[in-house]
Amino acid sequence: MTGGILIYAEVTKQSFVHTVFFELANKAHELSLKLNNAPVMAVLFTKPEMLTEYKEGFTYSGIDKFFVFEDEKFENYNTETYANLIVNLVKEVEPEIFLIGATNQGRDLAPRISSKLGTGLTADCIELDINEKGLLAATRPTFGGQLMATILCKTKPQMATVRPKVFKPAIDIIKKDTEFIYKQVNPEDFINNVQLIKFIKEYENNLNELDSAEIIIAGGKGMKGEEGFKLLKELADILGGTVGASRGAVDLGYAPHNIQIGQTGKTVTPKLYIACAISGAIQHTVGITASDYIICINNDPNAPIFDISDTGIVGDVFEVLPKLIEILKNSKD
Amino acid sequence: MKIALCVKQVPDTSDIKWTENNTLQREGVESILNPYDVYAAETALRLKKTYGGEITVFTMGPSQASNMLRDILALGVDNGVLITDKKFAGADTYATGKTISAAIKKVMPDFDIILCGQFAIDGDTAQTGPCIASLLNIPQVTYVKTIDEIKGNIINVTKQLDDGVEIIKVHTPALFCILKSEFEPSRALINGIIKAQNIQIKTVTLEDLGLSTDEVGIKGSPTYVSKAFRPEFKHLKEKHNCVETGTGAEIILNKIKEIGVYK
Ligand SMILES: Cc1cc2nc3c(=O)[nH]c(=O)nc-3n(C[C@H](O)[C@H](O)[C@H](O)COP(=O)(O)OP(=O)(O)OC[C@H]3O[C@@H](n4cnc5c(N)ncnc54)[C@H](O)[C@@H]3O)c2cc1C
Ligand SMILES: Nc1ncnc2c1ncn2[C@@H]1O[C@H](COP(=O)(O)O)[C@@H](O)[C@H]1O
């Protein structure tokens, strides 16, 4: 068997299939149409009995063939074990294209696999297409987002990791009868050079809040401290949104690291992004430019954030925000 | 403890300028040590302080990169290796990983750990570290916040994830990709700088590595850039000066209503 598009279905610590899988599935389906309906396949590692929980979602994700590795020990991700099993699967299935989410796990796993296969890997892509020669054209930001590069790969499979949240997920659009193929796992497949001792949870809930939020109120260094961030939280609560931060604010401890937005943080795609006292450094703005609408408040009329905003307010956040909160509260009563 | 440290010289991305034809202006852009590698170097120095041993710093790049190696040697690193050859030019992460792993095997085959930065600010691929580990067939841990303890051939490290940290036990030899951390990196002291002047930087070329020309540089790279362009932003850029008028809140409220995210 040859050809087709393979995607990696990452299972999170909470035993969910990561949302990026559904985004990749949707994109893979679109690419497959340009490749004479090449099959879309996926690979998953899971504890036994979990698959039934995922199956419902999989029927809508347009996967033709699902390769499943099942074992108790797949409770925790292990780079070497997963990479070796996937390398063997790729050699057997010979996909043209292999896509992995650019999550912490995906960015750890993908280069391990591509190097073993001696094939090319394009990291952290934000656009994928098939060019006139039928090759995968993978586009990614480089130089801190100041330059976009479209990259091609001479070898097969053409591999890419893809940023979460840049493609729309496949939901209720592509229904297929998915064939589930269970792959054999042997005791010697498990490599124990790296062992997880324990996981310490640091952040409770807002891991996925930024991913799914329609409205994000983000603050920068100019919010001056945790007090300033309370204002943002108050506004976010009224509007039904969530709070994000620049690295300037995170580095000073005004906000936790896991809500940092930008090159070394999250990419977000809300309907509305309000940047409060953020200067608009390129490393920040690469993470937000795909937002539908951007409003900024900054007291420096020359701040670069104005160049990428739809509406810019030259003003003091400590005047504008309390007033906005007040009007919104009054209009609710 | 034998530590191989990998560092990269990168263009200062905060200093990027465009030519009139929308291409990157490469001349006159300053080269700096990749900011993440500063922390990998600091981690190596701290390990050496606690556990003793020897650090060898490797970089693949043009001959000018030896100045950067000198700066790192001045911090207390023992040996420097410059992996350089015209034929290495244009390497993607796979070819880079292949070349660096071959150089480590050649110069420091008995290493205990390899330290890399988590990513480099020019490409930001975060691939080179895992690629080196994969080709040397040793375990890797990425997103390492701290290396906590070493006992014999077991190392405990803390890995940072989105929602928390993992405490991980690893068998050496192993490779770690180090995140930027809170600690203040060391600065070179005068005797360090003097000592560094007398260290002979070892140069490794293609011939030394036993690889063929087809395995390195642009020829040995499975990926290539077919197009590079400046990102376009489609935003409206309406600017309202509300310092005197104080109307900022009203304008925002109207916009929010207009775009229909809040009723
Ligand atoms: C490799 C690398 C990766 C990076 N990754 C990221 C990343 O992922 N995310 C990120 O955000 N940054 C990142 N950065 C850092 C980035 O370059 C900037 O330093 C950072 O975004 C600045 O944060 P800031 O806008 O909050 O702070 P500043 O640049 O200090 O801006 C503060 C702004 O607030 C305004 N202000 C102050 N007081 C008020 C007031 N009362 N009312 C209104 N406005 C006010 C000021 O005019 C100023 O424009 C990265 C940098 C590097 C080198
Ligand atoms: N040319 C190079 N020479 C030495 N180390 C490198 C080189 N390229 C990448 N690295 C290492 O790999 C890390 C990740 O780089 P990158 O894959 O380019 O994001 C860097 O922080 C370095 O530690």
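These figures come from a predicted structure and were not determined experimentally.

Asks: Mind showing me how you'd approach the interface of chain B and chain A here?
Replies: Accessible area lost when the parts come together is the quantity often used to give the size of an interface. Taken together, the contact pairs 79 residues of chain B with 85 residues of chain A. Interface area for chain B against chain A, summed over the two sides, is near 7,200 Å², with a carbon-plus-sulfur share of 58%. Among the residues chain B hides against chain A, the three largest losses belong to Asp163, His235 and Tyr262 of chain B. Together they make up 10% of the total. In this assembly, chain B and chain A are joined by three salt bridges. A salt bridge links Glu250 of chain B to Lys323 of chain A, with the shortest nitrogen-to-oxygen separation between them at 3.4 Å. Taken together, chain B and chain A are joined by 34 residue pairs in polar contact (both at pLDDT 80 or more). When its residues are assigned to classes, the side of chain B that touches chain A shows 41 nonpolar, 19 polar and 19 charged.

Asks: Can you help me understand the site of ligand 2 in this one?
Replies: Residues and elements named next belong to chain B. Around ligand 2, the structure places 18 residues, and the nearest of them are Cys6, Val7, Asp37, Thr125 and Thr128. Interatomic distance of 2.9 Å between a backbone N/O atom of Ala120 and an oxygen atom of ligand 2. Separating an oxygen atom of ligand 2 from a side-chain N or O atom of Thr125 is a distance of 2.7 Å. Going through the elements one at a time, strand E6 (54-60), helix H3 (93-107) and strand E8 (113-117) are the ones with two or more residues in the shell around ligand 2. Per-element tally for the shell around ligand 2: the top contributor is E6, with three residues. For the shell around ligand 2, the per-class residue count stands at nine nonpolar, seven polar and two charged.

Asks: When you look at the site of ligand 1 in this model, what are you seeing that I'm missing?
Replies: Taken together, the neighbourhood of ligand 1 is formed by 27 residues, with Lys221, Ser246, Thr264, Ser279 and Asn298 of chain A sitting nearest. Surrounding ligand 1 is a set of residues that belongs to chains A and B. Contacts to ligand 1 include Ser279 of chain A, whose side-chain N or O atom sits 2.6 Å from an oxygen atom. Measuring from a nitrogen atom of ligand 1, one finds a side-chain N or O atom of Asp316 of chain A at 2.9 Å. Of all the elements in the fold, those that place two or more residues in the shell around ligand 1 are helix H7 (247-251), helix H8 (282-285) and helix H9 (317-332) of chain A.

Asks: It is not clear to me how unusual backbone geometry should be interpreted in this structure. Could you clarify?
Replies: Glycine aside, residues mostly have negative phi, and peptide bonds are mostly found in the trans state. The linkage connecting Lys156 of chain A with the following residue, Pro157 of chain A, adopts the cis geometry, with an omega of -10°. Checked against the element boundaries, Pro157 of chain A lands in the loop between strand E8 (147-153) and strand E9 (158-162). A cis amide bond links Thr172 of chain B with the next residue in sequence, Pro173 of chain B, at an omega value of -5°. Along the chain, the position of Pro173 of chain B falls in the loop between strand E11 (164-171) and strand E12 (174-178). Phi is positive for Lys224 of chain A, which is not a glycine, with a value near 70°. By secondary structure assignment, the location of Lys224 of chain A is in the loop between strand E12 (215-219) and helix H6 (226-239).

Asks: Help me understand the pairing of E8 of chain B, please; the structure alone is not making it clear to me.
Replies: Looking down a regular strand, the side chains alternate between one sheet face and the other. All names here are of chain B. The buried count for E8 comes to five of five residues, which makes it a mostly enclosed element. Going residue by residue along E8, you find Ile113, Leu115 and Gly117 tucked away on one face and Ile114 and Cys116 tucked away on the opposite face as well. Summarising the sheet, strand E1 (residues 2-6) and E8 pair through three bridges and their orientation is parallel. The residue bridging Ile3 from the neighbouring strand is Ile113, located in E8. Sheet topology places E8 next to E12; five bridges connect them, and they run parallel.

How each quantity is defined
- Residues numbered from 1 in each chain as written.
- Chains lettered and ligands numbered in written order.
- Predicted model: local features only at pLDDT ≥ 70, side-chain atom pairs only at ≥ 80, totals over all residues.
- Heavy atoms only, no water.
- Contact = heavy atoms within 4.5 Å.
- Buried area = accessible area lost by both parts, 1.4 Å probe.
- Salt bridge = Lys/Arg side-chain N within 4 Å of Asp/Glu carboxyl O.
- Polar contact = N/O pair within 3.5 Å; in protein donor to acceptor, adjacent residues only side chain to side chain.
- Nonpolar A, V, L, I, M, F, W, Y, C, P; charged D, E, K, R; others polar.
- Near = heavy atom within 4 Å.
- Helix = DSSP H or I, 4+ residues; strand = E, 2+ residues; numbered from the N terminus.
- Buried < 20%, exposed > 50% of the residue type's maximum accessible area, 1.4 Å probe, protein only.
- Pairing = 2+ DSSP bridges.

Purely spatial values, then, with no claim about function.
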